[in-house]
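This is what each chain is made of:
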Amino acid sequence: MIYMDAASTAPPRQEVLDLVTPLLTNNFGNPASLHELGHQARRANDWSRNQVAGHLSVEESEIYFTSGGTESDNTAVIGGALANPRGKVVVSSSIEHPAVLEACAYLVRIHGFTHRLIPVDEFGIVDLHAANELIDDQVSVVSVMAVNNEVGTIQPIKELAELAHAAGALMHTDAVQAAGWLDLAELTAHVDALSLSGHKIGALKGSGVLYVSNRYDVLPLLHGGGQQGGLRSGTENPAASVGIARALQLCAEQRQAGAGDSYGDYLIERITKELGKIDPGLVQVTGHREQRIGGIVSLVFPRTAGETVLIELERRGVLCSSGSACAAGSTDPSPVLTAMGYDEQLAHTAVRLSFTRVAKENEISQVASAVVATVKSLVA
């Protein structure tokens, strides 16, 4: 089987497993304990925080370890809005991850906030003119993802942050899908809060990072022992923090080496070219063709039905998805694609091929062949 669903969860890296295994077995201490096992655990946490802060070019005191992207997003959006209520308005794009959209919905339902949605164009890029109209001095938090998790489009975070800061709002970005492909320091140079998830980059599930600038107050969602400066109470998990720190290090090395940069373009070119010889209407590329990361290729196949392509691809040895795996059990069409203007029937034919920078060239070629053969067989 060739795994092409890294945007849902990436395979754990062996280098990560080698580091975290001792922390799950022999060196299992609680970082808050005063004995030697506790000291070992605390040193592991301190090393992790130093490494992550370095990759993000921020202060160590601005890094918090969480259970994943969902907790990080919720803390930034809900905690940031409640600490800075202003006019009780939050702003996001219309294609955010549910961890952001549902956090905004919670603020509306429980705390009386208003949620304003920035529309996107047919490529999934936010409308900056509309954003300028929506972000005013009533807004507490603006949250727009750096890279869309379904179509891979890169958002203009710098320009959005300028609008947010001009209005006095906190700017947050969900960088979960950006971590393996973009320089995160270029994001933290502009935003006030940023979320990461370990299992998207080869670290452990249940691990995440939240960066919050020291310039802003954020109210905690969890209350207890006061760990991590009181923002994230709960016994700290050195294995999780070490794993995500090591994974970020590997991501940075591979990004600098350009590993896998051309694979997305290759898949798009080959699939559209070979199917186009039969009928140009057999396939459409979703998302922006240039302003996107290389690790997500999103396609719709107008003359196929629903998940038939996915089933046939798995039969041919390719594991992929129709979009986000975060809406458990949902059979609804992708809200990202419908927000981009695709009708529900066409959105139901979406296929997302996603991979990490360690993907192999021969596997990418096999995937292209399998997609072309699958679509040919279904429309014959």
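Residues numbered from 1 in each chain as written. Predicted model: local features only at pLDDT ≥ 70, side-chain atom pairs only at ≥ 80, totals over all residues. Heavy atoms only, no water.

**Q** Give a description of helix α1 (residues 14-24) that names residues and reports values.
**A** Among the residues making up α1, those that are buried are Val16, Val20 and Leu23. End-on, the buried residues of α1 take up no more than an arc of 40°, which puts them together on one face. Buried positions along α1 lie against α2 (36-56) and α8 (238-257). (Buried < 20%, exposed > 50% of the residue type's maximum accessible area, 1.4 Å probe, protein only. Helix = DSSP H or I, 4+ residues; strand = E, 2+ residues; numbered from the N terminus. Arc of directions from axis to C-beta. Contact = heavy atoms within 4.5 Å.)

**Q** Quick one: what's the story with the pairing of strand β12 (residues 350-354), residue by residue and with numbers?
**A** The side chains of a regular strand alternate between the sheet's two faces. Across the five residues of β12, five count as buried, placing the element largely inside the fold. Alternating positions in β12 separate into two faces, Ala350, Arg352 and Ser354 on one and Val351 and Leu353 on the other, with burial throughout. With five bridges joining them, strand β10 (residues 296-300) and β12 adopt antiparallel strand pairing. Residue Leu299 lies in a different strand from β12, and its bridge partner there is Val351. (Pairing = 2+ DSSP bridges.)

**Q** Explain the packing of aromatic side chains residue by residue, including any values.
**A** Within the structure shown, the criterion is met by two aromatic pairs. Ring centres 6.2 Å apart and planes at 85° place the aromatic pair Trp181 and Phe355 in the edge-to-face group. Of this pair, Trp181 sits in the loop between β6 (170-174) and α7 (184-188) while Phe355 sits in the loop between β12 and α13 (361-379), and the two are 174 residues apart along the sequence. Owing to a relative accessible area of 4%, Phe355 belongs among the buried residues under this scheme. Aromatic side chains Tyr263 and Phe355 sit 6.4 Å apart centroid to centroid with 55° between the ring planes, which places their arrangement in the tilted category. Remark: Phe355 occurs in the loop between β12 and α13 and Tyr263 occurs in helix α9 (residues 263-276); sequence separation between them is 92 residues. Each of the two residues, Tyr263 as well as Phe355, counts as buried. Three or more aromatic residues link up through ring pairs in this structure, and these residues are Trp181, Tyr263 and Phe355. (Phe/Tyr/Trp six-rings, centres within 6.5 Å; stacked < 30°, edge-to-face > 60°.)

**Q** So what's going on with the pairing of strand β4 (residues 114-118)? Which residues, and what values?
**A** Two elements, strand β3 (residues 89-93) and β4, share five bridges in a ladder whose sense is parallel. In the strand pairing of β4, Val89 is matched with Thr114. In this region the chain leaves β3, passes through helix α4 (residues 98-111) and returns to the parallel neighbour β4; the handedness of that crossover is right-handed. (Right-handed = clockwise from strand over helix to strand, strands pointing away.)

**Q** A description of the sheet that holds strand β5 (residues 139-143) should follow, citing residues and the corresponding values.
**A** Across the sheet, seven strands lie side by side as β2-β8-β7-β6-β5-β3-β4; this open sheet has mixed pairing. If you trace the sheet from one side to the other, it starts and ends with β2 (63-66) and β4, each paired once. Direction aside, the axes of adjacent strands within the sheet are offset by 20° on average. Contacts from helix α3 (residues 69-83) reach β2, β3, β5, β6, β7 (193-197) and β8 (208-212) within the one sheet, and its direction differs from that of β7 by about 160°. (Axes fitted to C-alpha atoms, helices over the stretch in contact; angles between N-to-C directions.)

**Q** Break down the pattern of salt bridges for me, citing the residues and quoting the values.
**A** The full count for this structure, using the stated rule, is 12 salt bridges. Where Arg116 meets Asp136, a salt bridge forms, and the shortest distance between an N and an O atom there is 3.0 Å. Placement of the pair is Arg116 in strand β4 and Asp136 in the loop between α5 (128-134) and β5, with a sequence separation of 20 residues. Of the charged contacts, one joins Arg292 and Asp265 as a salt bridge, the two residues approaching to 2.4 Å between their closest N and O atoms. Linking Arg292 in the loop between β9 (284-286) and β10 with Asp265 in helix α9, this pair joins segments that are 27 residues apart in sequence. Of the residues examined, Asp265 reaches a relative accessible area of 43% and is grouped as partly exposed. Residues joined by salt bridges that share partners form a network here, namely Glu312, Arg315 and Arg316. (Salt bridge = Lys/Arg side-chain N within 4 Å of Asp/Glu carboxyl O.)

**Q** Please give an account of α9 that cites residues and values.
**A** The end-to-end C-alpha distance of α9 is 19 Å, a good match for the 20 Å that 14 residues give at a rise of 1.5 Å each. Considered for burial, the residues of α9 that qualify are Tyr263, Gly264, Leu267, Ile268, Arg270, Ile271 and Leu275. Against the buried residues of α9 lie β9, β10, β12 and α13. (Expected span 1.5 Å × (residues − 1).)

**Q** Outline the sheet that holds β10, listing residues and values.
**A** In a beta sheet, neighbouring strands pair by backbone hydrogen bonds and run either parallel or antiparallel. Read from one edge of the open sheet, three strands run β9-β10-β12, paired in antiparallel fashion. Each edge of the sheet is formed by a strand with only one pairing partner; in this case those strands are β9 and β12. Going across the sheet, the axis of each strand differs from the next one's by a mean of 30°, ignoring polarity. Packing against the sheet, α9 makes contact with β9, β10 and β12, and its axis sits at approximately 20° to β10.

**Q** Go over the packing of α1 against α8, please, and point to the residues and values.
**A** Two numbers describe how α1 lies on α8: the axes approach to 9 Å, and their chain directions differ by 165°. The angle between the axes of α1 and α8 places the two elements in the roughly antiparallel class. The interaxial crossing formed by α1 with α8 has right-handed handedness. Facing Glu15, Val16, Leu19, Val20, Leu23 and Leu24 of α1, the residues of α8 in contact are Pro238, Ala239, Val242, Gly243, Arg246, Ala247 and Leu250. (Parallel < 35°, antiparallel > 145°, perpendicular 65-115°, else oblique. Left-handed = near helix turned anticlockwise from the far one by under 90°.)

**Q** Help me get a handle on the nonpolar core, residues and values and all.
**A** Core analysis: the biggest nonpolar cluster contains 93 residues, and Met4, Leu267, Ile271 and Leu353 have the highest contact counts within it. With eight residues, α13 is the largest single contributor of residues to this core. In terms of nonpolar packing, the next biggest core, distinct from the first, is built from 18 residues, Cys104, Leu107, Leu170 and Val212 among them. (Core = buried A, V, L, I, M, F, W, Y, C linked by side-chain atoms within 4.5 Å.)

**Q** I'd love a proper account of the side chain of His288, names of residues and values included.
**A** Its place among the elements puts His288 in the loop between β9 and β10. At 3.0 Å, the side chain of His288 forms a polar contact with the backbone nitrogen of Glu290. With residues near it in sequence (within four places) discarded, His288 still touches Phe123, Ile125 and Thr153. (Polar contact = N/O pair within 3.5 Å; in protein donor to acceptor, adjacent residues only side chain to side chain.)

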